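Chain residues, written in single-letter form:
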Amino acid sequence: MADTVQDQQEQPAQQPTYTRRRRTPTPPPPDPYAILDEDESAPLYVPLKQRRAQLVSKLAAKGTGGAAAAAEKRKREELEEEEKERERDEEEARRKKREAQTLLMEAQEVKRQKAIEESAKTEQQKREEEEAKILAAQEATRKKLAGAEEVAKGIVYTERMKATWRPPHYIRGKSEEELEAIRDKFHILVSGDDIPPPIPNFRDMKLPKPLLEYLKKKKISAPTPIQLQGLPVAFSGRDMIGIAFTGSGKTLAFSLPLLMLALEEEKRLPFMQGEGPVGIIMCPSRELARQTFEGLNEMARCLEQGGYPQVRSLLCIGGISMAEQGQTLANGFHMVVATPGRLQDMLEKRKFTLNQCKYLCMDEADRMIDMGFEEDVRNILSFFKHQRQTLLFSATMPKRIQDFAQSALVQPILVNVGRAGAASLNIIQEVEYVKQEAKMVYLLECLQKTAPPVIIFSDNKNEVDDIQEYLLLKGVEAVAIHGSKTQEEREYAIKSFKSGKKDVMVASGVASKGLDFSEIQHVINFTMPKEIEDYTHQIGRTGRGDKTGIATTFINMQTPEQTLLDLKYLLMEAKQKVPPFLLSIEDPNVGADGKPIGCTNCGGLGHTIRNCPKLEENQRRTMAGIGRGGDSGGGGW
Ligand SMILES: Nc1ncnc2c1ncn2[C@@H]1O[C@H](COP(=O)(O)OP(=O)(O)OP(=O)(O)O)[C@@H](O)[C@H]1O
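Residues numbered from 1 in each chain as written. Predicted model: local features only at pLDDT ≥ 70, side-chain atom pairs only at ≥ 80, totals over all residues.

### Re the domain arrangement of the protein
Next up, step 1: Under the domain assignment used here, the protein contains domain 1 (148-417) and domain 2 (427-633).
Next up, step 2: Between the C-alpha centres of domain 1 and domain 2 there is a distance of 28 Å.
Next up, step 3: Tallying the contact residues gives 22 residues for domain 1 and 26 residues for domain 2.
Next up, step 4: The class makeup of the residues in the side of domain 1 that touches domain 2 is eight nonpolar, seven polar and seven charged. (Domains from an automatic or database assignment. Contact = placed C-beta atoms within 7 Å. Nonpolar A, V, L, I, M, F, W, Y, C, P; charged D, E, K, R; others polar.)

### Some thoughts on the site of the ligand
Next up, step 1: Close to the ligand lie 21 residues; Gly249, Lys250, Thr251, Gly514 and Gly545 are nearest.
Next up, step 2: The greatest single-element share of the shell around the ligand, amounting to three residues, is contributed by helix H10 (residues 250-268).
Next up, step 3: Its residues assigned to classes, the shell around the ligand shows five nonpolar, eleven polar and five charged. (Near = placed C-beta within 6 Å. Helix = DSSP H or I, 4+ residues; strand = E, 2+ residues; numbered from the N terminus.)

### A word on the nonpolar core
It is characteristic of soluble globular proteins that their nonpolar side chains tend to be buried jointly.
Next up, step 1: Formed by 129 residues in total, the largest nonpolar core has its most connected members in Leu259, Val337 and Cys361.
Next up, step 2: With ten residues, H10 is the single largest residue contributor to this core.
Next up, step 3: Residue-level mapping places this core at the junction of two domains, with at least three residues from each of domain 1 (148-417) and domain 2 (427-633).
Next up, step 4: Setting aside residues no more than four positions away along its own chain, Cys361 makes contact with Phe254, Leu258, Ile281, Met282, Leu391 and Phe393. (Core = buried A, V, L, I, M, F, W, Y, C linked by C-beta atoms within 7 Å. Buried ≥ 20, exposed ≤ 12 C-beta atoms within 10 Å, placed from the backbone.)

### Quick look at the environment of Pro579
Next up, step 1: Along the chain, Pro579 turns up in the loop between helix H21 (561-573) and helix H22 (580-583).
Next up, step 2: Sequence spacing of Pro579 and Tyr433 is 146 residues, and the spatial spacing of their C-alpha atoms is 9.1 Å.

### Looking at helix H18 (residues 461-473)
Next up, step 1: Its 13 residues give H18 an end-to-end C-alpha distance of 19 Å, which sits within 8% of 18 Å, the value for a rise of 1.5 Å per residue.
Next up, step 2: Buried within H18 are the following residues: Val464, Ile467, Gln468 and Leu471. Projected down its long axis, H18 carries its buried residues within an arc of 100°, all on one side. Summarising the geometry of H18, the exposed residues directed more than 90 degrees from the buried face are Asn462 and Leu473. (Expected span 1.5 Å × (residues − 1). Arc of directions from axis to C-beta.)

### Considering the confidence of the model for the protein
Next up, step 1: Considering every residue of the protein, the mean pLDDT works out to 83; 83% of them sit at 70 or more.
Next up, step 2: For residues 1-21, every residue scores under 50 in pLDDT, and the model assigns this stretch six contacts once sequence neighbours within four places are set aside.
Next up, step 3: The model gives residues 32-39 a pLDDT under 50, and that stretch makes four contacts with residues more than four places away or in other chains.
Next up, step 4: Here the predicted complex scores 0.74 on pTM and 0.99 on ipTM. (pLDDT = per-residue confidence, 0-100.)

### Focus on the packing of H10 against helix H11 (residues 286-305)
Next up, step 1: Where H10 contacts H11, the axes come no closer than 10 Å and their chain directions differ by 45°. Overall, the two elements H10 and H11 adopt an arrangement that is oblique. The two elements H10 and H11 meet at a crossing, and its hand is right-handed. Packed against H10, whose contacting residues are Thr251, Ser255, Leu259 and Leu263, the element H11 presents Thr292, Gly295, Leu296, Met299, Ala300 and Leu303 at the interface. (Axes fitted to C-alpha atoms, helices over the stretch in contact; angles between N-to-C directions. Parallel < 35°, antiparallel > 145°, perpendicular 65-115°, else oblique. Left-handed = near helix turned anticlockwise from the far one by under 90°.)

### As for the sheet that holds strand S2 (residues 240-243)
Next up, step 1: If you walk across this open sheet you meet the eight strands as S1-S8-S2-S7-S6-S3-S5-S4, and the pairing is mixed. The open sheet terminates on both sides in strands that have one partner only, identified here as strand S1 (188-191) and strand S4 (313-316). For this sheet the average axis-to-axis angle between neighbouring strands, irrespective of direction, equals 15°.
Next up, step 2: Sheet topology places S2 next to strand S7 (residues 389-394); four bridges connect them, and they run parallel. Each bridged residue has a counterpart across the sheet, and for Met240 the counterpart in S7 is Leu391.
Next up, step 3: Relative to S4, H11 is tilted by about 170°, and along the sheet it contacts strand S3 (279-282), S4, strand S5 (335-338) and strand S6 (359-363). (Pairing = 2+ DSSP bridges.)

Structure, rendered in C-alpha cells:
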C-alpha cells in the first residue's frame, strides 16, 4: 500500500484540455490521484528510511510490549493458578473435614450401637465374655504340650497312627443311627472324626481268650460305658480324651490297649535286652502307678499262662530302688508304668530310651497338669523320636485342660460319660455341720454308720497324724498315709488296708487320686477340700464299679462359702439331699435361668472363673515359681 502511494505521487500531474466551442465543461474523470491528494486523511508520505526505522521501532515496541503482556499474562495465569490451588486446598480441607465428621459420626454410631448391644446383653453374657478374656489371657501364657525338639523343628503330626485292629465285620456294618442309639443308651457323648463304633461286649473286641477268662473271673462281664466306646477308639490307634465318673473302669480302658500292643510287637519280633518299651502309662501318684502296674502284670500273667508270649512291664516311681527290677531292665520290657519325675530321671540317665515307644497314656491327666507336672510331661515328650498314640483320662477334666491337652493330640476323639467333674451316682453324699472342736468326737460316732473299710480324708498332714493317733487311742485299727511318710510307711499303709488287716485309713488328698480299694463302705471328709474336683475324687473311693457307698463331709464356719456353693450344686446335680444351711446360701453368680453358671477353669458349679480358687492358686504358684504340687514331692507321688 505504501508503494502504491509512492508511485502515484511520483507521476507528473496532467493539465486540463480546452476547446473553442462552448461546451459544457465535462467534469474531469475522476482522478484517483487527485482524490488521493485531496484526501486529508491519507497518510503523509514518510521516507522509506524513516519508515523502516519506524517499522523497526514499531517492531521493537511490539516486541517489548509482547514481553510485558506475556509477563502480565503469566502473572495473571499465576494468580489464577494460585487461586485455583487455594480453592483446591479449601476443597480438600472441606473434604477432610467432611470425612473426619463422617468417621466421627461413624465412631459415634458404632459406640451407640455397642451401648445398645451392651444394654441388651444379660449379666450372664457379660460375665461369660469377661471370663473368656481371663481364660484366653491365661492360656496365652501356656506353651504347647509337645517335646522341645518337635517344637524347635516345627514337627507337626497330622496323620493318625496306624493300627491292625478292626472291629468285627458285623459291627462295621451297623448304620450310624444304630451306633448312635447304643451311645445314647449308655449316655456316651463323643466328638471327633471317624469315630470307631461302640462295642457292648468284650468278645467282639477280639480279645485273646485268656483275657476274656481273666475278666470273667474278676466278675467283669460287660464293658462299662467308657470301656465300650473307649476301647475301640484306643484299639484303632486313635488319640483320645476319656472322661468318666470315678470308679467307672477307666484303668482297663487304657491298660488293655497297651497290653494288646505289647503282645503284637512281641509276636512280631521278640524283645531282647535293652529293647522297649512300646508304651507308657503315666500316673500322678506312686500308689496309683503301682496299682496300675499290678493290674497290667496280672493280665500279662494270664496271657502267658494261656500260651501267649511273655510281655513284661517296668514300674518307674520315686522311692523305690530300680535294682529291684534289674531283671526286667536286663531282659527288655514292653510297658512302663511311671510317675513323671522318676520317668524323666531314668530317661535323662539313659536307663532306657523311647525310640520304640508308640503309646502314651496319662491317667488323671488334669491332676497331673494341676499338680505342676506340666514341664516334666513336656520333657518326657522330647524323648520320643516319632509320633505316638496319646490318651488322656480323668473323672474331672475342665474345658481349659481339654483344650490345652489337644495341642499334644492328633485328630483326637473325645469320649465323655456324664459331665466332667460330676460325682458318681453310686455314692450317697451326706453333708453335716460339725463345729471344729467337735469334729474328733463326732468322727467316732460317724464311723458307726457303716462297717469297715472306711477312708478318712484331711487336707492337712498334721491333722492326718492327729486323727490316726486319736483313733488308735480309741482302739480303732487305723493307718495313715501322706506325703511326708516314708515310702515303706506308705506301702505298709496301703497293703494292710487293702488286705483288710486295718479297718480305717486316714489320708491326705493324695490317696484319693485313682486308687481302687475294693469294697470301701464309707468315705469321711474330715475337712471339706477347697477344690470341688478334689471332693469328687475323694468321695469317688467308694461306690466303685457297680457297688454303692456313703460319703460324709464335715463342714462348718471355716469352710469357704464358695466351696459350699460348689458343693451345693454338686449335690443338686447328683440328686442328693441338700441340707437347709447349704440351700440358704445365695449364689451371686446364678444365671438368668436360675441355673449356676459354673467355672470354665475348674468345673466347679458354685463359682465363676473370676473367683476360682484354683486359678488363684495357680497364679500364686507361677508368681512364686513353684513347680509341683506340695504333696507330690520329688520323684512323683
Ligand atoms: N466292666 C466292668 N464291670 C465291672 N467292674 C469293673 C469293670 N471295669 C472295671 N471294673 C472295676 O471297677 C473298679 C474301678 O475301676 P477303675 O479303678 O478302673 O476306675 P476309674 O474309672 O479309673 O476310677 P478313678 O477315676 O477313681 O481312677 C475296679 O475295681 C475294677 O476292677
